[in-house]
Amino acid sequence: MASKDQINEQTIANTYAAMRSEINQIYFKITELEMEVNEHNLVIGAIEPLDPTRRCYRMVGGVLVERTVKEVLPAVKRNKEGIEEVIARLNEALEKKKKELTEFELKFKIRIRRGEREESGEEASAKKEGAAQGVLVGPA
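Residues numbered from 1 in each chain as written. Predicted model: local features only at pLDDT ≥ 70, side-chain atom pairs only at ≥ 80, totals over all residues. Heavy atoms only, no water.

An unreviewed UniProt entry lists the protein under the name Prefoldin subunit 2, from Rhynchospora pubera. The UniProt entry for the protein carries the following comment under Sequence similarities (unreviewed entry): "Belongs to the prefoldin subunit beta family." (UniProt positions renumbered as here; feature names shortened; annotations may be inferred.)

This is the structure:
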């Protein structure tokens, strides 16, 4: 009977770890897409004030294509909007997964240990002082 309980505990632990991993993957993807939105904003800010007939280049499927600002600007704006929609959907999925994880924690009474032991105030301050001793100053 004890081995069956251990198997069940291991299954619960594996499921919990998988759920946390999924949440971390969603966080990573959201961060990645937010960086892409920022890049799109930089491009839009750079080409918006330019003459619409001016030449510009755009990477399409790994091929650099010559277009005009008038053709590229709407496409970049559409791409940015599409990425923002994906971010919104990922945020919804993230909230759902976080809720599922919380319910799972409550159902199986899961608690997370933060550290093995907490350091006393004196030990922590001594470590901070020791860390600052590696600074070298050159001659004046």
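A. Layout of the overall build of the protein. A tally of helices and strands in the protein yields three helices and two strands. Counted from the first residue to the last, the protein has its helices and strands arranged as α-β-β-α-α. Within the span of the protein, comprising 140 residues, buried residues form 18% of the whole. Accessible area for the protein stands at about 11600 Å²; split by element, carbon and sulfur atoms hold 53% of it. (Helix = DSSP H or I, 4+ residues; strand = E, 2+ residues; numbered from the N terminus. Buried < 20%, exposed > 50% of the residue type's maximum accessible area, 1.4 Å probe, protein only. Areas by Shrake-Rupley, 256 points an atom, 1.4 Å probe, with all protein chains shown as cover.)

B. Just a nonpolar patch on the surface, in detail. A cluster of nonpolar side chains, Y57, M59 and L64, forms an exposed patch at the surface whose accessible area comes to about 360 Å². On the secondary structure map, M59 appears in strand β1 (residues 55–60). By relative accessible area, M59 is classed as exposed at 55%. (Patch = residues over 30% accessible without salt bridge, like charges linked within 9 Å, V, L, I, M, F, W, Y side chains within 5 Å. Salt bridge = Lys/Arg side-chain N within 4 Å of Asp/Glu carboxyl O.)

C. How the structure looks around the environment of E100. Mapped onto the fold, E100 is located in helix α2 (residues 69–108). In sequence terms E100 and M19 are 81 residues apart; their C-alpha atoms lie 8.5 Å from each other.

D. Layout of the packing of aromatic side chains. Evaluation of the coordinates by the stated rule reveals two aromatic pairs. For the pair F104 and F108, a centre-to-centre distance of 4.8 Å together with 55° between the ring planes defines the contact as tilted. Placement of the pair is F104 and F108 together in helix α2, with a separation of four residues, close to one helical turn. By relative accessible area, F108 is classed as partly exposed at 33%. (Phe/Tyr/Trp six-rings, centres within 6.5 Å; stacked < 30°, edge-to-face > 60°.)

E. Layout of the UniProt feature "coiled-coil region" (unreviewed entry) in the protein. Mapped onto the present numbering, the UniProt feature "coiled-coil region" (unreviewed entry) falls on residues 80–107. For residues 80–107, the end-to-end C-alpha separation is 40 Å, with 100% helix and 0% strand making up the annotated structure.

F. Here's a closer look at the side chain of H40. Mapped onto the secondary structure, H40 falls in helix α1 (residues 2–47). Judged by its relative accessible area of 17%, H40 falls in the buried class.

G. Here's a closer look at unusual backbone geometry. Look at K109: it is not a glycine, yet its phi comes out positive at around 55°. By secondary structure assignment, the location of K109 is in the loop between α2 and α3 (121–131). Taking relative accessible area as the criterion, K109 reaches 71% and is therefore assigned exposed.

H. Geometry of the side chain of K80. With respect to the helices and strands, K80 occurs in helix α2. Relative accessible area serves as the criterion here: at 18%, K80 is assigned to the buried category. Each residue touching K80, except ones within four places of it in the same chain, is listed here: V37, H40, N41 and I44. (Contact = heavy atoms within 4.5 Å.)

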